[in-house]
Amino acid sequence: MKIIEKIKDAAGFLQKSIGADKVEAGVILGSGLGSFAEQIQEVFSVPTDKIPHWPKSTVKGHKGRVVLGRLSGSFIAIVQGRVHFYEGYSLKDVVFGIRVLKYLGMKSLVITNAAGSTNPDILPGSIMIIKDHINLIGSDPLIGENIDELGPRFPDMSEAFCMEYRDAAKKAAENLSIKVYEGVLAATHGPSYETPAEVKALRLLGADAVCMSTVPEVIAANHMGVKVLGLSCITNMASGLGESNLTHEDVENTAKSISYDLNRLLKSVLIDITGDKQVISRREMQ
Ligand code: HPA
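Throughout this description, residue numbers start from 1 for each chain and increase along the sequence as written. The model is predicted, so local features are restricted to residues of pLDDT at least 70 and side-chain atom pairs to those at 80 or more, both for listing and for counting; the totals for chains, interfaces and linings are taken over all residues. Calculated side-chain values reflect all of the structure's heavy atoms, with hydrogen atoms and water omitted.

## Considering the site of the ligand
Then, number 1: Near residues are defined by distance, with any heavy atom within 4 Å of the molecule or strand qualifying the residue. Around the ligand sit Ala114, Ala115, Gly116, Tyr193, Glu194, Val210, Cys211, Met212, Thr235, Asn236, Leu246 and Val251, and that is every residue in its neighbourhood.
Then, number 2: One of the backbone N or O atoms of Ala114 is found 3.3 Å from a nitrogen atom in the ligand.
Then, number 3: Within the side chain of Glu194, a nitrogen or oxygen atom sits 2.8 Å from a nitrogen atom of the ligand.
Then, number 4: Per-residue accessibility takes into account occlusion by the displayed protein chains alone, with areas from the Shrake-Rupley method and a 1.4 Å probe. Surface burial for the ligand is 95%, taken as the share of its 260 Å² of free accessible area covered by protein chains.
Then, number 5: Elements represented by at least two residues in the shell around the ligand include exactly β5 (108-117), β8 (209-211) and β9 (227-237).
Then, number 6: Residue contributions to the shell around the ligand peak at 3 residues, all from β5.
Then, number 7: Following the grouping adopted for this structure description, the nonpolar residues are Ala, Val, Leu, Ile, Met, Phe, Trp, Tyr, Cys and Pro, the charged ones are Asp, Glu, Lys and Arg, and the polar ones are all others, Gly among them. Of the residues assigned to the shell around the ligand, the class counts are 8 nonpolar, 3 polar and 1 charged. We define a polar contact as two N or O atoms separated by no more than 3.5 Å, with the added condition that, inside protein, one atom must be a possible hydrogen donor and the other a possible acceptor, whereas residues neighbouring each other in sequence contribute only through side-chain atom pairs. The secondary structure listing takes helices from DSSP runs of H or I that are at least 4 residues long and strands from runs of E that are at least 2 residues long, numbered from the N terminus.

Take a look at the structure:
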């Protein structure tokens, strides 16, 4: 079966469950950040292993689930538990889910992750709005025959992270008194964390943070004309810049401690991006 048929198959399965509504925005939640799903009025929640062709996450802390529901009147889809290149999946599998969401109508994607800071000024516990990325995964999800129905052979990446959304996130953070940074995210394929020498090299390349995800999905979203907002939760100083050894448990625990502010920021910015339908309908009623 061709990829495009698998995408349509999975989208058809989800569409049947949600009825006529179109998904306006998609949200991908990174390690330790799954609690945002509780913020929406859930309409339908499905374990990813029930969705045809959807790859299964094997990482501890990544609950594989798609939650569809409403936030201030708009229909959004939340993916809890993405899959990663380091799990042995191809990058085509890694981006499968967001391609499915595009077929449900998604116009905007908000993507979150846990990341290590390579910038001494950005400390663990911070939220960083991603301004741009550096792909050091060594591959690209668009390699191979282009699926013209999804997007062009050579997609532009000059504003991979939508400027308007970055501004909306800064404004929302200011209103909520949440301190945010803005910076460049590098992605390596992992699963080993970086060495101190690699972290020095990443800093010289212009990275403020490093992760093992996000970049493939951002490339695929741009290919499909979906606008992206990226938020990194800085869970640790990258190797050689902090005091202790890195463990996935510590990364997850710090991510959980950031999730209170991240959830408030996500909610506010999503309502801004999708338009507050409840306010509009209240106005229409007056
Ligand atoms: N490096 C790569 N990925 C990460 C890190 C890190 O230090 N922290 C959380 N994800």
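## A closer look at the pattern of salt bridges
Then, number 1: We count a salt bridge whenever a side-chain nitrogen from Lys or Arg sits within 4 Å of a carboxyl oxygen from Asp or Glu. Scanning all chains against the criterion turns up 9 salt bridges.
Then, number 2: Of the charged contacts, one joins Lys171 and Asp272 as a salt bridge, the two residues approaching to 3.7 Å between their closest N and O atoms. Of this pair, Lys171 sits in helix α4 (residues 163-175) while Asp272 sits in helix α7 (residues 248-274); the two residues are 101 residues apart in sequence, bridging distant segments of the chain.
Then, number 3: Only protein chains enter the area calculation, which uses a 1.4 Å probe; residues under 20% of their type maximum are buried, those over 50% are exposed, and those in between are partly exposed. Judged by relative accessible area, which is 38%, Asp272 ranks as partly exposed.
Then, number 4: A salt bridge links Arg264 to Asp261, with the nearest nitrogen and oxygen atoms 3.0 Å apart. Note that Arg264 and Asp261 are positioned in helix α7 at a spacing of 3 residues, about one turn of the helix.
Then, number 5: For Asp261, a relative accessible area of 29% translates into the label partly exposed.

## With respect to the side chain of Asn236
Then, number 1: Tracing the sequence through the fold places Asn236 in strand β9.
Then, number 2: According to the relative accessible area criterion, Asn236 is buried, its value standing at 10%.
Then, number 3: In this structure the side chain of Asn236 is engaged in a polar contact, spanning 2.7 Å, whose partner is the side chain of Thr235.
Then, number 4: Whether two residues touch is decided by their heavy atoms; if any such pair falls within 4.5 Å, the residues are in contact. With residues up to four places along the chain from it excluded, the contact list for Asn236 reads Ala115, Gly116, Ser117, Pro124, Leu246 and Val251.

## With respect to the environment of Lys107
Then, number 1: Within the secondary structure layout, Lys107 lies in the loop between α3 (96-103) and β5.
Then, number 2: For the pair Lys107 and Val226, spaced 119 residues apart in sequence, the C-alpha separation works out to 5.2 Å.
Then, number 3: Those residues in contact with Lys107, other than ones at most four positions away along the chain, are Glu24, Val226 and Lys227.

## Here's the deal with the packing of aromatic side chains
Then, number 1: Geometry of aromatic contacts follows a simple scheme: Phe, Tyr and Trp rings, the Trp one being its six-membered ring, pair when their centres are within 6.5 Å, and the pair is stacked under 30 degrees between planes, edge-to-face over 60, tilted otherwise. Applying the stated rule across the entire model yields 1 aromatic pair.
Then, number 2: Over the ring of Tyr181 we find Lys179, and its NZ or CZ is 4.7 Å from the ring centre. Placement of a positive charge over a ring is assigned whenever Lys NZ or Arg CZ falls within 6 Å of the ring centre and within 35 degrees of the normal to the ring plane.

## What about the environment of Asp21?
Then, number 1: Relative to the elements of secondary structure, Asp21 occurs in the loop between α1 (3-18) and β1 (25-29).
Then, number 2: As a C-alpha pair, Asp21 and Lys267 span 246 residues in sequence and 20 Å in three-dimensional space.
Then, number 3: Discounting chain neighbours no more than four positions away, the residues touching Asp21 are Gln15, Arg70 and Phe75.

## Section: the packing of α1 against α3
Then, number 1: The N-to-C vectors of α1 and α3 enclose an angle of 60°; their axes lie 9 Å apart at closest approach. Judged by the angle between their axes, α1 and α3 are oblique. Where α1 crosses over α3, the two elements pack in a sense that is right-handed. Across the interface between the two elements, Ile3, Ile4, Lys6, Ile7, Lys8, Ala10, Ala11 and Leu14 from α1 touch Phe96, Arg99, Val100 and Tyr103 from α3. As a rule, the C-alpha atoms of each element are fitted with a line to give its axis, helices using only the stretch in contact, and angles between N-to-C directions run from 0 to 180 degrees. The scheme is simple: roughly parallel for angles under 35 degrees, roughly antiparallel for over 145, roughly perpendicular for 65 to 115, oblique for anything else. Here a crossing is taken to be left-handed if its near helix is turned anticlockwise relative to the far helix by less than a right angle, and right-handed if that turn runs clockwise.

## Topic: unusual backbone geometry
Then, number 1: With an omega of 5°, the peptide bond between Gly190 and Pro191 qualifies as cis.
Then, number 2: Structurally, Pro191 can be placed in the loop between β7 (180-188) and α5 (196-205).
Then, number 3: Here His53, not a glycine, exhibits a phi torsion of approximately 70°, which is positive.
Then, number 4: Mapped onto the elements, His53 comes out in the loop between β2 (41-47) and β3 (65-71).
Then, number 5: One non-glycine residue, Ser72, lies in the positive phi region at around 50°.
Then, number 6: With respect to the helices and strands, Ser72 occurs in the loop between β3 and β4 (74-80).

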